[in-house]
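If you want the building blocks of each chain, they are given just below.
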Amino acid sequence: MAATPDLNLLVTLVALVEERGVTPAARRLGVSQPAASAALARLRDLFRDELLVRTGRGMEPTPRALEIAEAARPHLLGLVEAMAGARPFVPGHDARIFRLGCTDAFAFAALPILSARLREEAPACDLVLRVGDYRTLPAMLGVGEVGTVAGWLRDDAPATAKVRVLRHAPWVLLRDAASPPVAGDLDAFCARPHALVTPAGDLAGPLDRLLGDRGMARRVAVGVSSFALLLAVLPGTDRLATVPDFVAARLAALGGLTIEAPPVAMPPVANALAWRAPLDRDPGEVWFRHAVRDAFAAACPG
């Protein structure tokens, strides 16, 4: 390598790798497409590698590009975060990108409220949402792919992250409003077909272990990957779904479904907010975390 690249070129390379294209990278960086193309040409000359190659699906980074971006990303993030912390944030005027990772449940219940607040109070700011779970969200936060994560996170957030528990959400029973109530009858509960939100694709969850401890079992007739899909499999049937109360409130508000107490007690779900420690005092990120927290609070019943 003939020379050390300047920071602007490294920032461009990270954007090119993450966006998988010159045009989206230029949009993200706030520069023209020709300027981003020229930067890519300089990077190719500097590293003597194509870095991004065109495929049938767009542009894909080479192994060398991935290696450089992975090495550069944490250092660039630290610089950007340190610089951002020194600047005030004016929601009505400032433009920036907020990157949020969250669970499907959190997104389904709180995203409509959060999106509306951003549109009204910070119209020049953009939101990138990454949906994951307790296995993937800590990793996203740890490498800086997102600045904030929200939802059920267990206890394995990165050691450098700041964590705040927002609410312990109880489980409730959701059913078609025209179907018979369970009314606390565990036998009737187990006799009915069930729908389960199962990102991993299995047909058993924590509730099934609790039933097994009592020598009972249920039949999960439908497994879906998202809470929103319950709207496609519960109405007009006698199926039941056991979900966190804030998800049930959102689903019931859309019509046709009703909520009742489940006949078996389950430990509540601890939903938390976690963020990268370098962003702790960044004015824009502080505002955004408050917006996320407020959206979740507004989505929760009572």
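Conventions used here
Note on numbering: residues in each chain are counted from 1, in written sequence order. Local features in a predicted model are, by the rule used here, given only for residues with pLDDT of at least 70; side-chain atom pairs are given and counted only at 80 or more, and totals for whole chains, interfaces and linings are based on all residues. Only heavy atoms go into the side-chain values, all of them from the structure, while hydrogens and water stay out. Defined by distance alone, a disulfide is two cysteine sulfur atoms within 2.5 Å. Note on classification: 1.4 Å probe, protein chains only; a residue is buried when its accessible area is under 20% of the maximum for its type, exposed when over 50%, partly exposed between these limits. Planes of paired rings set the category: under 30 degrees apart is stacked, over 60 is edge-to-face and the rest tilted, where pairs are Phe, Tyr or Trp rings (Trp by its six-membered ring) whose centres lie within 6.5 Å. Going along the chain from the N terminus, every DSSP run of H or I of four or more residues is numbered as a helix, and every run of E of two or more is numbered as a strand. A positively charged side chain is recorded as over a ring if its NZ (Lys) or CZ (Arg) lies within 6 Å of the ring centre. The angle to the ring normal must also be within 35 degrees. The contact criterion used is simple: two residues touch if any of their non-hydrogen atoms lie within 4.5 Å. For this document, the term salt bridge refers to a Lys or Arg side-chain nitrogen within 4 Å of an Asp or Glu carboxyl oxygen.

Moving on, we get to the state of the cysteines. Here is the idea: a disulfide is a covalent bond, and it sits between the sulfur atoms of two cysteines. Under the counting rule described, the total for this entry stands at zero disulfides. Cys102 takes part in no disulfide bond, and the closest cysteine sulfur, belonging to Cys300, lies 13 Å away. Its sulfur unpaired, Cys125 is 18 Å from the next cysteine sulfur, which belongs to Cys102. Judged by relative accessible area, which is 8%, Cys125 ranks as buried.

What the rule picks out here adds up to seven aromatic pairs. Consider the rings of Phe89 and Trp287, whose centres lie 5.7 Å apart with planes at 50°: the pair is tilted. A residue pair is termed long-range when its members are at least 10 positions apart, and Phe89 in the loop between helix H4 (63–84) and strand E3 (97–103) and Trp287 in helix H11 (residues 283–299) qualify at 198 residues. Across this residue pair, the class does not change: Phe89 and Trp287 are buried. By way of ring pairs, the aromatic residues Phe89, Phe98, Trp287 and Phe288 are connected into one cluster. Cation over ring: Arg135 sits above Tyr134, and NZ or CZ is 5.6 Å from the ring centre. The positively charged end of Arg250 is found above the aromatic ring belonging to Phe108, 5.6 Å away from the centroid.

One can find Ile68 in helix H4. Given the relative accessible area of 9%, Ile68 is considered buried. Distance in space between the C-alpha atoms of Ile68 and Pro180 is 60 Å, their sequence separation being 112 residues. When neighbours within four sequence positions are excluded, Ile68 is seen to be in contact with Leu10, Leu13, Phe47 and Leu51.

With that settled, the discussion passes to the pattern of salt bridges. Taken as a whole and assessed by the stated rule, the structure comprises 14 salt bridges. Where Glu145 meets Arg130, a salt bridge forms, and the shortest distance between an N and an O atom there is 3.2 Å. Of this pair, Glu145 sits in the loop between helix H6 (137–142) and strand E5 (148–152) while Arg130 sits in strand E4 (residues 126–132), and the two are 15 residues apart along the sequence. Judged by relative accessible area, which is 33%, Arg130 ranks as partly exposed. For the salt bridge of Arg175 with Glu260, the shortest nitrogen-to-oxygen distance reads 2.6 Å. Of this pair, Arg175 sits in strand E7 (residues 171–176) while Glu260 sits in strand E11 (residues 257–260), and the two are 85 residues apart along the sequence. Glu260 shares its class with Arg175; the two are buried. Several salt bridges converge on common partners, so that one network encompasses Arg117, Glu121, Arg293 and Asp294.

All right, on to the side chain of Thr198 then. Its place among the elements puts Thr198 in the loop between strand E8 (193–197) and helix H8 (206–213). Setting aside its immediate chain neighbours within four residues, Thr198 contacts Gly223, Val224 and Ser225.

Just geometry here; none of it tells us what the structure is for.
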